[in-house]
Amino acid sequence: MPIPYLNGLPWTTWSREERLFCAVLYEHARRCPGEFAAWLIESTGLNIPSAGDWDLGFEVCLYRDFLWQQPGLTAKGSGLSAKRTFDLCLFGETSIIIIEAKVCGGFTTEQLENIGKDVAQIRRLPGMQDLNVLLVALASARYLANARKRTRDTFKGWLSWQQLFEHFPEPLFEQADKMYAGKRGELLGRTA
C-alpha cells in the first residue's frame, strides 16, 4: 500500500543515512564473511592474505566492547573513546579491516585525522599488538575519483558503492553511489 506522504515511495528512497546502507551491506556480507573479505581484499588491493577465518561486525564499538570483556580494563582513563564506532569491521586471524563509509558527503580533515589514530590505538589493545590494522574508505565512485590522493595517508584501500552493487546486485548500493553531493529535493525529483 503506497504511503501518500512518502509520495508512494519506500522510505529507503528518502533516507540519506549511511547506517541504513551499511546495514544492508552487513546483511549481504555476514552470510559468508570469508568470501566477502577475499573479494574486498582483491578489489581494494590490500596487501594481506585473505585465507583463514573472518568475522564481520556492524556498528562496532571496538574499544568499549573489547575492553568490557577484559578483566580490570576499561576505556575510561585509557585515552580510548568508548563511543568510537566503526561502520563495519572484518576481523581476521592476523588482520582487522575497518570500513569507514560515506554516502552523501566526503571525509573531513578532522575525520581523517581521527580515523588515522585508530590504527595505533587498536594495536594498544591486549593481544592486538601484531595485527595488521587496515582502513578502507567506502564512498561514491565520483567522490573517490578525486579523494584518493587526499586520503591516501589514512586509507589503505578504497571501495565504491558502485563496486558493491556490481558484486551484490542490491539496488540500494547503486542508489548510495548516486547520492554523493546531492541537492535538496533532487533525490526524489522534487523541489525543496
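The shown structure was predicted, so the numbers you read here are calculated from the model rather than taken from an experiment.

Caption draft 1: Geometry of the overall build of the protein. Looking only at helices and strands, the protein has 8 helices and 5 strands in total. Secondary structure elements of the protein occur, N-terminal to C-terminal, as α-α-α-β-α-β-β-α-β-α-β-α-α. Radius of gyration (C-alpha) of the protein: 18 Å, near the 16 Å computed for a compact globule of 192 residues. Considering only C-alpha atoms, the protein reaches an extent of 55 × 35 × 35 Å along its principal axes. Taken over 192 residues, the protein has a buried fraction of 42%. When contacts within the protein are restricted to residue pairs at least 6 apart in sequence, long-range pairs at least 24 apart make up 65% of them. Accessible surface computed for the protein: about 10800 Å², of which carbon and sulfur atoms make up 51%.

Caption draft 2: Examining the sheet that holds strand β4 (residues 132-139) more closely. Strand order in the open sheet made by the 5 strands is β1-β2-β3-β4-β5, with mixed pairing throughout. The open sheet terminates on both sides in strands that have one partner only, identified here as β1 (54-60) and β5 (157-160). Strand-to-strand twist of the sheet, defined as the mean angle between neighbouring strand axes without regard to direction, takes the value 25°. In the sheet, β4 pairs with β5 via 4 bridges, with the strands oriented parallel. If you follow Val136 over to β5, its bridge partner there is Gly157. Along the sheet face, helix α6 (residues 141-151) touches β4 and β5 and points at about 170° away from the line of β5.

Caption draft 3: Fine view of the nonpolar core. In this structure, Leu25, Phe36, Ile97, Trp161 and Leu164 are the most contacted members of the largest nonpolar core, which totals 32 residues. Elements that contribute at least two residues to this core include exactly α2 (18-29), α3 (33-44), β1, β2 (86-92), β3 (95-101), β4, α7 (161-167) and α8 (171-178). Not counting the four nearest positions on each side in its chain, Ile97 is found in contact with Leu40, Ile41, Leu46, Ile48, Trp54, Leu88, Cys89, Leu90, Leu134 and Val136. Ranked by size, the runner-up nonpolar core spans 27 residues in total, among them Leu62, Tyr63, Ile115 and Ala147.

Caption draft 4: Spatial organisation of the side chain of Glu170. By the element assignment, Glu170 lies in the loop between α7 and α8. Salt bridges are absent for the buried Glu170, whose nearest opposite-charge side chain, Arg31, sits at 7.7 Å. If near-sequence neighbours (up to four positions away) are discounted, Glu170 is found in contact with Val24, His28 and Phe165.

Caption draft 5: The pattern of salt bridges, seen in detail. Across all of its chains, the model carries 5 salt bridges by this definition. Glu17 is paired through a salt bridge with Arg19; the nearest N and O atoms lie 3.0 Å apart. For Arg64, the salt bridge identified is with Asp65, shortest N-O distance 2.7 Å. Among the ionic contacts, a cluster of salt bridges with common partners joins Arg84, Glu100 and Asp118.

Here is what the cut-offs are and how they apply
- Residues numbered from 1 in each chain as written.
- Predicted model: local features only at pLDDT ≥ 70, side-chain atom pairs only at ≥ 80, totals over all residues.
- Heavy atoms only, no water.
- Helix = DSSP H or I, 4+ residues; strand = E, 2+ residues; numbered from the N terminus.
- Rg over C-alpha atoms; globule rule 2.2 N^0.38 Å.
- Buried < 20%, exposed > 50% of the residue type's maximum accessible area, 1.4 Å probe, protein only.
- Contact = heavy atoms within 4.5 Å.
- Areas by Shrake-Rupley, 256 points an atom, 1.4 Å probe, with all protein chains shown as cover.
- Pairing = 2+ DSSP bridges.
- Axes fitted to C-alpha atoms, helices over the stretch in contact; angles between N-to-C directions.
- Core = buried A, V, L, I, M, F, W, Y, C linked by side-chain atoms within 4.5 Å.
- Lys, Arg positive; Asp, Glu negative; His and termini not counted.
- Salt bridge = Lys/Arg side-chain N within 4 Å of Asp/Glu carboxyl O.

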